[in-house]
Amino acid sequence: MDNNNKVTSNVIEAEVPMGTVHSAAIEPYRVRLFVEDEIVRDAEVTIGVNHRGVERIMEGLPVEKANSLTEKICGICSNIHIWNSVLVAEKGLEIDVPPRAEYIRIIMGELERLHSHMLYLAHGSEVLGHETFAMRLFYIRETVMELLRMIGGNRVQYGVPIIGGIRPRADLDEMKIQKIKEGVDHIEEKILEFADRFIRDPMVMSRVTGVAALSKKDALRLSATGPTLRSTGVAVDIREDMKQYDPFEFDVITQDDGDVKSNLLMRVLEIPESIKIIRQAIKDIPDGKITNRSWEMQDTGIIRNYVEAARGKLYHSYRLEDGRVRNSIIRTPSITNINAMEHACIGTHITDAQLAIVQCDPCFTCTDRAVQIVDHPLKKNNRII
Amino acid sequence: METSMIITSLVAVIGTLIAAFVVSFWLPGIERKFIHARIQQRVGPPLSSPGFMAPIKFFFKQAVTPNSPMPKLYNALPLISLIVIVAILLLIMPQLYVLGALASIIAVIGLLKIEEIMYMFMGSLSKSVMSVGMPFPDLVKGAKHVDVTRSYVEELSTLRAFRLIAFGSFPIYIALFVPVVMAKSIFLGDIVAFQQLHGPVLFTVGGAIGAIAYFIGFMILLNEYPFAIMKTKADVIEGPLLEYMSKYRAYVYITRGFLIFVLASLFATMFLGIPPNLFSPGILVTIAVAIIFPIAMAIMSTFSPIFTFRQFYPVVAATSILGVIALVAAFL
Amino acid sequence: MNLSLKSYSRARAVHVMLVYTGGCNGCDIEIVNCIFSPKYDAEQYKVFLTWNPREADVLVVTGPVTKHVEKPLKAIYEAIPEPKAVVAAGACATMGGVYKNIHGDIPSEEIAGPVHEIIPVDAKIPGCAVRPEDVLSGVVSALPLLLNAK
């Protein structure tokens, strides 16, 4: 994909393809590694197996149905898709969302970031070969799943945001707030204990330090986004620009090296930041109604919105015509991280190559749609951040 | 007198073999239930399932021709591997010390080598559906490097097995020579007799260090985490064993449990001076060692990731140096 | 119920293989939860996870089968030796889910159909996403077919 260091075919000895069904892949994708004596010289990641044509199905659906459909794009980052889709409609129709609903949406968004990061750590441990750590992490993750089920009704795909607010079922009362408080306290204690244990383990640290390093220059050139970019030292977080996050105070975490260890530590350190936001939200949650139903439908032009998903910058856009959605485009963060994955594989041993792909947190189910690359007016200095 | 002695010896040999098989059926279950599951805070399978019921279930599955250029040879390899390990157990039994040069440490090491070479053959003959055989449109317009030879993941395992043969077996071989140096003879009969006289080798300085080297070598030979690079789930899925099904896979399962028992009783013979013999109370010590070894191995493997060659080489080098120190201590 | 060695051993060690065929990943993570989460540990029910079709007895399929995955799914199904059972887990695998059945003006052309159009299915587990406890009971409900097969 990048022509700057073109690898010629006479360095490469063999190609090892690893198929759509593989023990290290939680989604079906095809990766072809071009090796010389078990060191990877080039890599090619092919997606396309997950293409279900979601944007095509959305064409002509009524807007509420289209919003619910975006949730089914991905099972891990489902809430951020429906939240962003609802934000697009609210931006275009200029609907005011009551503050209590904003706070609850943020609680759900941060809880989802928690479970997504823990899943990343568990999957990374499994690819390292450490089943015990993977099981410990899945056990801690169960607390978050129970909280999500309590608020939204389902462990996966909870459907909390609607246009104008949140679903009435997802309102928080005293008991639920108390349970959320206990839950995040428990998670913070266990994750910090786990992180301590993880860093002190010499076998695991020798496996991850210095492996598949991505430099800051390369990450910017390849348009990496999200924690993958922040682990190389660039402090870009869209949550700082979102007006919904204005009342909350949190830090943007960065690491320095861009290798597997930095990526793992990134996610581990982002978990207490999300917990900080959740704690502020449940302390200051304002009273009031949770849905604003006094708005009217009109036709709009194309409306765009960006949010920060757990994996990076997420973009939705569509236009409304007679209450129906037209020309919807969804661009997920993993599509640009594919470049970073292929680049990070180079120079590693084959067993570390799967680790290099997992370190960039791929979510190919979100990503699989037809892509057209154009010259965009927002591009500065040949980079799109 | 002669015939009754021969019959007693025969009964002892066959009885010990059967006892070895019976004990080895429970060893994988003990590993998974009492160690892995306890440490991972879950319930775990019943004791008989991984080691005993799984091979029996595999016997009743249908056998299809595996994807391999020489399917009959490929299917015969696990049985050959099992026979080689049975031969090792036979050689260390005291009734067979009359065989002279065959009952020596050289024969045992040679048989262990054959067992390791089996993996290379298996890997080069297995062509499963999970890598190149997957029907996916790879070589299309715009793909990178369409002119490169495509290799199956099992071929990667073959290369790794070769590397393991070249240096991975140093620890156990060096450790096996410590009792030889102390007893000043390569014959198993002499080594056992030396320990009846002077006490077990394990209780000397050289012997204790050698036992540690033996344990690490034992883990490498069994391809247990962290030394499981030949069979890791991260890239080669199962390595050379990918195409085995039904009764051939049952042989693979049985071989693993049996190999644990045989290596443990080899330790008991060489370092404690108690050969496996059904008609003597020493059999209890052999079974105790055969249960302690997999428990210790499971504890170590639950807490470790898989080592790539970057960590593997230093660990093997360090263990080999330990073994050499043990040899030097044994001389003095 | 015959208590022969054959059916007894088949009930005491079941090997399960997972295939992901292009779904949203929700069911996949819930099934991985069954195996890897100590809360739902499947090994206590004598269900072991394997990634090798030659070793598997039960194939658990999630996701609506997209066009690219149709042939790999068939290849893996044929690689499993008899007796075998197939369990389709989730709304997408049982009836196509939202991708096949909901559309605005243009239907999606990427779905090759729910799983029963490609390979024969023995048990279906509903849910979007499936609950881990339902997956375990679904796998256990497919067992009598294995036990009583030849």
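What counts and what doesn't
- Residues numbered from 1 in each chain as written.
- Chains lettered and ligands numbered in written order.
- Predicted model: local features only at pLDDT ≥ 70, side-chain atom pairs only at ≥ 80, totals over all residues.
- Heavy atoms only, no water.
- Helix = DSSP H or I, 4+ residues; strand = E, 2+ residues; numbered from the N terminus.
- Rg over C-alpha atoms; globule rule 2.2 N^0.38 Å.
- Buried < 20%, exposed > 50% of the residue type's maximum accessible area, 1.4 Å probe, protein only.
- Contact = heavy atoms within 4.5 Å.
- Areas by Shrake-Rupley, 256 points an atom, 1.4 Å probe, with all protein chains shown as cover.
- Lys, Arg positive; Asp, Glu negative; His and termini not counted.
- Charge placed at Lys NZ, Arg CZ, Asp CG, Glu CD.
- Pairing = 2+ DSSP bridges.
- Axes fitted to C-alpha atoms, helices over the stretch in contact; angles between N-to-C directions.
- Salt bridge = Lys/Arg side-chain N within 4 Å of Asp/Glu carboxyl O.
- Buried area = accessible area lost by both parts, 1.4 Å probe.
- Polar contact = N/O pair within 3.5 Å; in protein donor to acceptor, adjacent residues only side chain to side chain.
- pLDDT = per-residue confidence, 0-100.
- 1 Å grid on protein atoms, 1.4 Å probe; cavity = no way out; pocket = protein on both sides within 12 Å on 5 of 7 lines; lining within 4 Å.
- Points joined across faces, edges and corners; volume = space filled by probe spheres on them.
- Nonpolar A, V, L, I, M, F, W, Y, C, P; charged D, E, K, R; others polar.
- Phe/Tyr/Trp six-rings, centres within 6.5 Å; stacked < 30°, edge-to-face > 60°.
- Core = buried A, V, L, I, M, F, W, Y, C linked by side-chain atoms within 4.5 Å.
- Domains from an automatic or database assignment.

## Re the overall build of chain A
Piece 1. Counting its secondary structure elements, chain A contains 13 helices and eight strands.
Piece 2. Taken over the C-alpha trace, chain A has a radius of gyration of 21 Å; the compact-globule value for 385 residues is 21 Å, and the two agree within 12%.
Piece 3. The buried share of chain A, taken over its 385 residues, is 66%.
Piece 4. Taking as baseline every contact in chain A between residues at least 6 positions apart, the subset at least 24 positions apart corresponds to 69%.
Piece 5. Carbon and sulfur atoms make up 49% of the accessible area of chain A, which totals about 13900 Å².
Piece 6. Where the 49 positive side-chain charges of chain A centre and where its 57 negative ones centre are 3 Å apart.

## Details of the overall build of chain C
Piece 1. Each helix and strand in chain C was counted, giving seven helices and five strands.
Piece 2. Each helix (α) and strand (β) of chain C, taken in turn from the N terminus, gives the series α-β-α-β-β-α-β-α-α-β-α-α.
Piece 3. Computed over its C-alpha atoms, the radius of gyration of chain C comes to 15 Å, within 12% of the 15 Å expected for a compact globule of 150 residues.
Piece 4. Seen through its C-alpha atoms, chain C measures out along the principal axes to roughly 55 × 35 × 25 Å.
Piece 5. With 150 residues in all, chain C has 66% of them scored as buried.

## A closer look at the sheet that holds strand S7 (residues 312-321) of chain A
All names here are of chain A.
Piece 1. Strand order in the open sheet made by the three strands is S6-S7-S8, with antiparallel pairing throughout. Since the sheet does not close on itself, it has two edges, and those belong to strand S6 (303-309) and strand S8 (324-331), each with one partner. Strand-to-strand twist across the sheet, computed as the mean angle between neighbouring axes with direction ignored, equals 20°.
Piece 2. As paired elements, S6 and S7 share seven bridges and run antiparallel to each other.

## Observations concerning the pattern of salt bridges
Piece 1. For the coordinates displayed, the defined rule picks out 57 salt bridges over all chains.
Piece 2. A:Arg30 is the salt-bridge partner of B:Asp138, the closest N and O atoms lying 2.6 Å from each other. Remark: A:Arg30 occurs in strand S2 (residues 30-36) and B:Asp138 occurs in the loop between helix H4 (105-125) and strand S1 (149-150); the pair is interchain, linking two chains.
Piece 3. The residue A:Arg326 makes a salt bridge to A:Glu59 at a minimum N-O spacing of 3.8 Å. Here A:Arg326, found in strand S8, pairs with A:Glu59, found in the loop between helix H1 (54-58) and helix H2 (63-71); they are 267 residues apart in sequence, far enough to count as distant.
Piece 4. For A:Arg326, a relative accessible area of 16% puts it in the buried group.
Piece 5. One connected set of salt bridges, linked through shared partners, spans A:Glu110, A:Arg113, A:Arg230, A:Asp237, A:Arg239, A:Glu270 and A:Glu308.

## With respect to the interface of chain A and chain B
Piece 1. Each partner contributes to the interface: chain A provides 51 residues, whereas chain B provides 41 residues.
Piece 2. When chain A packs against chain B, close to 4000 Å² is buried across both sides, 52% of that on carbon and sulfur atoms.
Piece 3. Contact with chain B buries surface across chain A, with A:Arg30, A:Glu38 and A:Met203 losing the most and accounting together for 14% of the total.
Piece 4. On the surface where chain A and chain B come into contact, there are nine salt bridges.
Piece 5. Remark: the boundary between chain A and chain B carries 26 residue pairs in polar contact (both at pLDDT 80 or more).
Piece 6. Put simply, the parts of the chain that give the side of chain A that touches chain B at least two residues each are strand S1 (14-18), S2, strand S3 (39-46), helix H4 (99-128), helix H5 (131-152), helix H7 (202-208) and helix H12 (350-359) of chain A.

## Some details on the environment of B:Thr204
Residue and element names in this part refer to chain B.
Piece 1. By the secondary structure assignment, Thr204 is in the loop between helix H7 (188-198) and helix H8 (205-221).
Piece 2. In this structure Thr204 comes out as partly exposed when scored by relative accessible area, which is 27%.
Piece 3. On a C-alpha basis, the gap between Thr204 and Pro69 in space is 52 Å, while along the polypeptide they are 135 residues apart.

## Side note on the interface of chain C and chain A
Piece 1. The interface of chain C with chain A comprises 42 residues on the first partner and 43 residues on the second.
Piece 2. Between chain C and chain A the total buried area reaches about 3500 Å² when both faces are included, carbon and sulfur atoms providing 62% of it.
Piece 3. For the chain C face of the interface with chain A, the top three residues by lost area are C:Ile29, C:Phe36 and C:Tyr99, together amounting to 17%.
Piece 4. For the pair chain C and chain A, the number of links is six salt bridges.
Piece 5. Between A:Glu142 and C:Lys39 there is a salt bridge, with the nearest N and O atoms lying 3.9 Å from each other.

## A word on the confidence of the model for chain A
Residues and elements named next belong to chain A.
Piece 1. Averaged over all residues, the pLDDT of chain A equals 86, while 93% of them reach at least 70.
Piece 2. Here helix H13 (residues 364-367) is the element of chain A with the lowest mean pLDDT, 84, and helix H6 (residues 174-200) is the one with the highest, 92.
Piece 3. For residues 1-5, every residue scores under 50 in pLDDT, and the model assigns this stretch eight contacts once sequence neighbours within four places are set aside.

## Points about the layout of surface pockets
Residue and element names in this part refer to chain A.
Piece 1. In this structure, the second largest pocket encloses a volume near 380 Å³.
Piece 2. Counting residues per element, the ones that place at least two in the lining of the second largest pocket are helix H3 (78-93) and S6.
Piece 3. Of the residues forming the lining of the second largest pocket, the biggest block, four residues, is contributed by S6.
Piece 4. Split by residue class, the lining of the second largest pocket holds seven nonpolar, two polar and seven charged.

## Brief notes about the packing of aromatic side chains
All names here are of chain B.
Piece 1. With the rule as written, the count across this model stands at 31 aromatic pairs over all chains.
Piece 2. Taking the centre distance of 5.0 Å and the plane angle of 75° together, the rings of Phe218 and Phe293 count as edge-to-face. Of the two residues, Phe218 sits in helix H8 while Phe293 sits in helix H10 (residues 282-302), which places them 75 residues apart along the sequence. A single burial state applies to Phe218 and to Phe293, both of which are buried.
Piece 3. Ring-pair connections join several aromatic residues into one group, and the members of that group are Phe167, Phe227, Phe307, Phe309, Phe312 and Tyr313.

## Quick notes on the nonpolar core
Piece 1. Counting residues in each nonpolar core, the largest one holds 190 residues, and the members touching the most others are A:Leu33, A:Leu111, A:Leu114, A:Ile180, C:Leu59, C:Val60 and C:Ile119.
Piece 2. When residues in this core are grouped by element, the largest group, 15 residues, is from H4(A).
Piece 3. Among the domains, domain 1 (1-46 + 337-358) and domain 2 (54-336 + 359-384) of chain A are the pair contributing at least three residues each to this core.
Piece 4. Discounting chain neighbours no more than four positions away, the residues touching A:Leu114 are A:Val144, A:Ile187, A:Ile271, A:Ser274, A:Ile275 and A:Ile278.
Piece 5. One finds B:Ile85, B:Val108, B:Val181 and B:Ile216 within the second-largest nonpolar core, a separate group that totals 87 residues.

## As for the sheet that holds S2(A)
Piece 1. Here we have four strands laid out as an open sheet, ordered S3(A)-S2(A)-S1(A)-S1(B), and mixed in their pairing. Every other strand in the sheet has two partners, leaving S3 of chain A together with S1 of chain B as the edge strands with one partner each.
Piece 2. Judged from the two bridges that link them, S1(A) and S1(B) form a sheet pairing that is parallel. Note that in S1(B) the partner of A:Glu15 across the bridge is B:Arg150.
Piece 3. The strands touched by helix H11 (residues 334-345) of chain A within the sheet are S2 and S3 of chain A, with S3(A) carrying the most contacts at an inclination of about 160°.
Piece 4. Contacting S1, S2 and S3 of chain A, H12(A) runs over the sheet at an angle of about 140° to S2(A).

## Points about the domain arrangement of chain A
Residues and elements named next belong to chain A.
Piece 1. Taken domain by domain, chain A consists of domain 1 (1-46 + 337-358) and domain 2 (54-336 + 359-384).
Piece 2. Listed as interface residues are 23 residues of domain 1 and, on the opposing side, 29 residues of domain 2.
Piece 3. Taken together, both faces of the contact between domain 1 and domain 2 bury some 2300 Å²; the carbon and sulfur share is 62%.
Piece 4. The largest share of the area that domain 1 buries against domain 2 comes from Asn337, Leu355 and Val358, three residues that together contribute 33% of it.
Piece 5. Put simply, domain 1 and domain 2 have one salt bridge between them.
Piece 6. On the surface where domain 1 and domain 2 come into contact, there are 16 residue pairs in polar contact (both at pLDDT 80 or more).

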